[in-house]
Amino acid sequence: MSTTSRDTRPGSAAPWLDEHQERAWRAFRRMTTSVRAGTARDLADTGLSEPDYEVLSTLVERPGTTSTLHEQAAKMGWSRSRLSRHSSRMEVRGLIARAPDPADGRGCLLVLTAAGREALRAATPTHLESVRRRFADRLDADDLRDLLRIADKLGDRSEEAAPLDG
């Protein structure tokens, strides 16, 4: 049954996607799920989870490899509570440390430790090989340009941006 973008279905107040939009949406979801799940499996062999790698790789980009919990959560699109819980688990493993934030008595700083830097260094070749194999090597230059163009259209809009986990 083909619908237009303005059709509604019984029990739904929202307009449904048309057939083309729905197929594209489902393809996008399958694609992102497949690539992320594959790279996460490959990364797990290094002892880091995908969230671990994300925390470490974004933290290493910060001056002094230190960030406030608030800034780090915003950069990653996570809520502060999610990052705080995950950081606690990483701290127990010695990958990061927490320090009081001198600019905000209620806040804390996340600091990359030597062990965290080493774990990131050791995992990066595996991660990059996985990204190449599961993503970059499957796309030609036109595909990459199209993807960048689409990402620019769909990317973060400050008025729409919200943490993915509430």
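Structure: see above.
Note that this is a predicted model, so its numbers are computed, not measured. (Residues numbered from 1 in each chain as written. Predicted model: local features only at pLDDT ≥ 70, side-chain atom pairs only at ≥ 80, totals over all residues. Heavy atoms only, no water.)

## Quick word on the pairing of strand β2 (residues 96-101)
In the sheet, β2 pairs with strand β3 (residues 104-112) via 6 bridges, with the strands oriented antiparallel. Paired with R98 across the bridge in β3 is L110. (Pairing = 2+ DSSP bridges. Helix = DSSP H or I, 4+ residues; strand = E, 2+ residues; numbered from the N terminus.)

## Regarding helix α1 (residues 19-44)
Its 26 residues give α1 an end-to-end C-alpha distance of 37 Å, which sits within 8% of 38 Å, the value for a rise of 1.5 Å per residue. Taken together, the buried positions of α1 are G38, T39, D42 and L43. Two or three places before H20, at the opening of α1, D18 has a side-chain oxygen 3.1 Å from that residue's backbone nitrogen. (Expected span 1.5 Å × (residues − 1). Buried < 20%, exposed > 50% of the residue type's maximum accessible area, 1.4 Å probe, protein only. Polar contact = N/O pair within 3.5 Å; in protein donor to acceptor, adjacent residues only side chain to side chain.)

## Regarding helix α4 (residues 80-92)
With 13 residues, α4 extends 18 Å from end C-alpha to end C-alpha; this agrees with the ideal 18 Å at 1.5 Å per step. Every buried residue of α4 is listed here: L83, H86, S87 and M90. Mapping the buried residues of α4 onto a view down its axis gives an arc of 105°, with all of them on the same face. Positive backbone phi, at 80°, marks G94, one or two positions downstream of α4. (Arc of directions from axis to C-beta.)

## Comments concerning the pairing of β3
Where strand β1 (residues 66-68) and β3 come together, 3 bridges link them in antiparallel fashion. Across the sheet, the residue bridging to T68 is L109, located in β3. Hairpin remark: β2 followed by β3, antiparallel, with 2 residues in the connecting loop.

## So, the sheet that holds β2
Sheet architecture is open: 3 strands sit in the order β1-β3-β2, paired in antiparallel fashion. Looking at the sheet topology across the chains shown, the edges are occupied by β1 and β2. In this sheet, adjacent strand axes meet at a mean angle of 30° when their direction is disregarded. Helix α2 (residues 50-59) contacts β1, β2 and β3 of the sheet and is inclined by roughly 95° relative to β3. Along the sheet, α4 contacts β2 and β3; its crossing angle with β2, the most-contacted strand, is approximately 125°. (Axes fitted to C-alpha atoms, helices over the stretch in contact; angles between N-to-C directions. Contact = heavy atoms within 4.5 Å.)

## What to know about the packing of aromatic side chains
Going through the model one piece at a time under the given rule, you end up with 1 aromatic pair. Between R82 and the ring centre of W78, over which it is positioned, the NZ or CZ distance is 3.9 Å. (Phe/Tyr/Trp six-rings, centres within 6.5 Å; stacked < 30°, edge-to-face > 60°. Lys NZ or Arg CZ within 6 Å of the ring centre and 35° of its normal.)

## Concerning the nonpolar core
Note on soluble globular proteins: their nonpolar side chains tend to be buried together. By size, the foremost hydrophobic cluster in this structure holds 20 residues, and its most contacted members are L48, L56, L83 and L110. Breaking this core down by element, the ones donating at least two residues are α2, α3 (69-76), α4, β3 and α5 (114-134). Sorting elements by how many residues they give to this core places α2 first, with 4 residues. Among all residues touching L83, those that are not within four sequence positions of it are V55, L69, Q72, A73, M76, W78 and L110. (Core = buried A, V, L, I, M, F, W, Y, C linked by side-chain atoms within 4.5 Å.)

## Here's the deal with the pattern of salt bridges
Across all of its chains, the model carries 12 salt bridges by this definition. Here E61 makes a salt bridge to K75, at a shortest N to O gap of 2.6 Å. Highlighted residues: E61 in the loop between α2 and β1 and K75 in helix α3, separated in sequence by 14 residues. Assessed through its relative accessible area of 52%, E61 is described here as exposed. Three or more residues joined by partner-sharing salt bridges are found here, namely D42, E129, R133 and R134. (Salt bridge = Lys/Arg side-chain N within 4 Å of Asp/Glu carboxyl O.)

## Some points on the side chain of H86
Looking at the element boundaries, H86 is found in helix α4. Other than its neighbours up to four places away in sequence, H86 contacts S49, P51, D52, V55 and W78.

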